[in-house]
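Reading the structure
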Amino acid sequence: DAKTTQPPSMDCAEGRAANLPCNHSTISGNEYVYWYRQIHSQGPQYIIHGLKNNETNEMASLIITEDRKSSTLILPHATLRDTAVYYCIVRMDSSYKLIFGSGTRLLVRP
Amino acid sequence: EAQVTQNPRYLITVTGKKLTVTCSQNMNHEYMSWYRQDPGLGLRQIYYSMNVEVTDKGDVPEGYKVSRKEKRNFPLILESPSPNQTSLYFCASRDPSRPNYGYTFGSGTRLTVV
């Protein structure tokens with residue numbers, strides 16, 4: 001599975017959009033980009049995933065660049081409850097293992 | 001509600017006293033896995049199971065055992081716990097017939113071995 005690079009921490013104001021970047025320059029054609037988050041010491045929570053097209057669900061949007069070497073998770077209207085560590089993970093469809101990096105610690109300020 | 005349930009949530013034990021952390025899922029998922037989380041080391045996979053009676057080692061299996069006698073349960077067994085197994089443990093499951101579907105994680109078990 002390809003390696004990902006994320007900034008260690010970010011912050012944003014409550015109600016504003018939070019844009020979390022992820023670099024995955026060695027991603028291969030059959031690898032998906034997944035995003036999970038972990039609030040405090042709870043179990044990681046699946047957010048969204050994509051292959052090459054932009055994706056949106058009720059939690060977030062995922063923007064993947066055309067060359068697929070980077071992506072951005074967008075929380076459109078961040079709330080205090082979105083304060084968490086966000087993990088960007090790249091893996092193949094056939095791989096069952098999730099390899100977690102260090103993630104980005106997002107702090108949403110009141 | 002679809003969920004992965006771990007028990008206990010907190011456990012303090014002494015070195016060498018065998019213990020079992022239970023994990024149960026109600027989603028009929030075939031795939032289940034155990035992770036441990038340590039400061040500075042992140043989440044690391046201990047064992048996983050592709051189906052009943054099918055288990056395999058993850059990245060850090062030493063000192064742990066698992067069993068998968070039925071689809072819903074995947075207990076983690078520490079035969080002789082040591083202080084270096086003090087950690088936060090998570091169980092996860094997934095439906096492989098929906099390979100792009102995300103994993104569901106349990107709420108975690110915080111284990112302290114003294």
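What comes next concerns the included structure. (Residues numbered from 1 in each chain as written. Chains lettered and ligands numbered in written order. Predicted model: local features only at pLDDT ≥ 70, side-chain atom pairs only at ≥ 80, totals over all residues. Heavy atoms only, no water.)

1. So, the environment of Ile99 of chain A
All names here are of chain A. Assignment of secondary structure puts Ile99 in the loop between strand S8 (84–92) and strand S9 (104–109). Note on Ile99: relative accessible area 47%, which makes it partly exposed. A sequence separation of 10 residues divides Ile99 from Ile89, and the C-alpha atoms of the two residues are 6.7 Å apart. (Helix = DSSP H or I, 4+ residues; strand = E, 2+ residues; numbered from the N terminus. Buried < 20%, exposed > 50% of the residue type's maximum accessible area, 1.4 Å probe, protein only.)

2. Examining the nonpolar core
Nonpolar side chains in soluble globular proteins tend to end up buried together. Residue and element names in this part refer to chain A. One finds Trp35, Leu73, Tyr86 and Leu106 to be the most contacted residues of the largest nonpolar core, which totals 21 residues. Elements represented by at least two residues in this core include exactly strand S2 (18–23), strand S3 (31–38), strand S4 (45–50), strand S6 (61–64), strand S7 (70–75), S8 and S9. Among the elements that line this core, the one with the most residues is S8, at four residues. Ignoring any residue separated from it by four or fewer positions in sequence, one finds Leu73 in contact with Ala18, Asn19, Leu20, Trp35, Ile47, Ile48, Ala60, Ser61 and Tyr86. (Core = buried A, V, L, I, M, F, W, Y, C linked by side-chain atoms within 4.5 Å. Contact = heavy atoms within 4.5 Å.)

3. Overview of the environment of His77 of chain A
Residues and elements named next belong to chain A. You can see His77 is positioned in the loop between S7 and S8. Residue His77 is classed as exposed on the basis of its relative accessible area of 60%. C-alpha separation for the pair His77 and Ala60, spaced 17 residues apart in sequence, amounts to 9.3 Å. Setting aside its immediate chain neighbours within four residues, His77 contacts Gly15, Arg16 and Asp82.

4. Details of the interface of chain A and chain B
Size of an interface: often given as the accessible area lost when the parts come together. Facing 18 residues of chain A, the contacting portion of chain B comprises 19 residues. Counting the surface chain A buries against chain B, the share from its top three residues, Tyr96, Lys97 and Phe100 of chain A, is 37%. Inspection of the region where chain A meets chain B yields zero salt bridges. Summed over the shared surface of chain A and chain B, the result is four residue pairs in polar contact (both at pLDDT 80 or more). A per-class count over the side of chain A that touches chain B returns nine nonpolar, six polar and three charged. (Buried area = accessible area lost by both parts, 1.4 Å probe. Salt bridge = Lys/Arg side-chain N within 4 Å of Asp/Glu carboxyl O. Polar contact = N/O pair within 3.5 Å; in protein donor to acceptor, adjacent residues only side chain to side chain. Nonpolar A, V, L, I, M, F, W, Y, C, P; charged D, E, K, R; others polar.)

5. Some points on the packing of aromatic side chains
Inspection of every chain in the model, using the stated rule, returns 11 aromatic pairs over all chains. Residues Tyr31 of chain B and Tyr48 of chain B carry aromatic rings whose centres are separated by 6.1 Å and whose planes lie at 35 degrees to one another, so their mutual orientation is tilted. One end of the pair, Tyr31 of chain B, is in strand S4 (residues 31–38); the other, Tyr48 of chain B, is in strand S5 (residues 42–51), and 17 residues separate them in sequence. Between the aromatic rings of Tyr35 of chain B and Phe105 of chain B, the centroid separation amounts to 5.9 Å while the plane-to-plane angle is 50 degrees, which identifies the pairing as tilted. Of the two residues, Tyr35 of chain B sits in strand S4 while Phe105 of chain B sits in strand S10 (residues 104–105), which places them 70 residues apart along the sequence. Take Phe105 of chain B: its relative accessible area is 10%, and that puts it in the buried class. Ring pairing ties together the aromatic residues Tyr34, Tyr36, Tyr46, Tyr87 and Phe100 of chain A together with Tyr35 and Phe105 of chain B, which thus form one cluster. (Phe/Tyr/Trp six-rings, centres within 6.5 Å; stacked < 30°, edge-to-face > 60°.)

6. Focus on the sheet that holds S7 of chain A
Residue and element names in this part refer to chain A. The strand order S2-S7-S6-S5 describes an open sheet built from four strands, whose pairing is antiparallel. The strands lining the two open edges of the sheet, one partner per strand, are S2 and strand S5 (55–56). Of the strand pairs in this sheet, S2 and S7 are connected by six bridges, and their pairing is antiparallel. Within S7, the position partnered with Pro21 by the bridge is Thr72. (Pairing = 2+ DSSP bridges.)

7. Some points on the pattern of salt bridges
On inspection of all chains with the given rule, the structure shows six salt bridges over all chains. Between Arg37 of chain A and Asp82 of chain A there is a salt bridge; the shortest N-O distance is 2.8 Å. With Arg37 of chain A in strand S3 and Asp82 of chain A in the loop between S7 and S8, this pair connects stretches of sequence that are 45 residues apart. Note that Glu79 of chain B and Lys65 of chain B form a salt bridge whose closest N and O atoms lie 2.9 Å from each other. Of this pair, Glu79 of chain B sits in the loop between strand S8 (76–78) and strand S9 (87–94) while Lys65 of chain B sits in strand S7 (residues 65–66); the two residues are 14 residues apart in sequence, bridging distant segments of the chain. The exposure class of Glu79 of chain B is partly exposed, given its relative accessible area of 36%.

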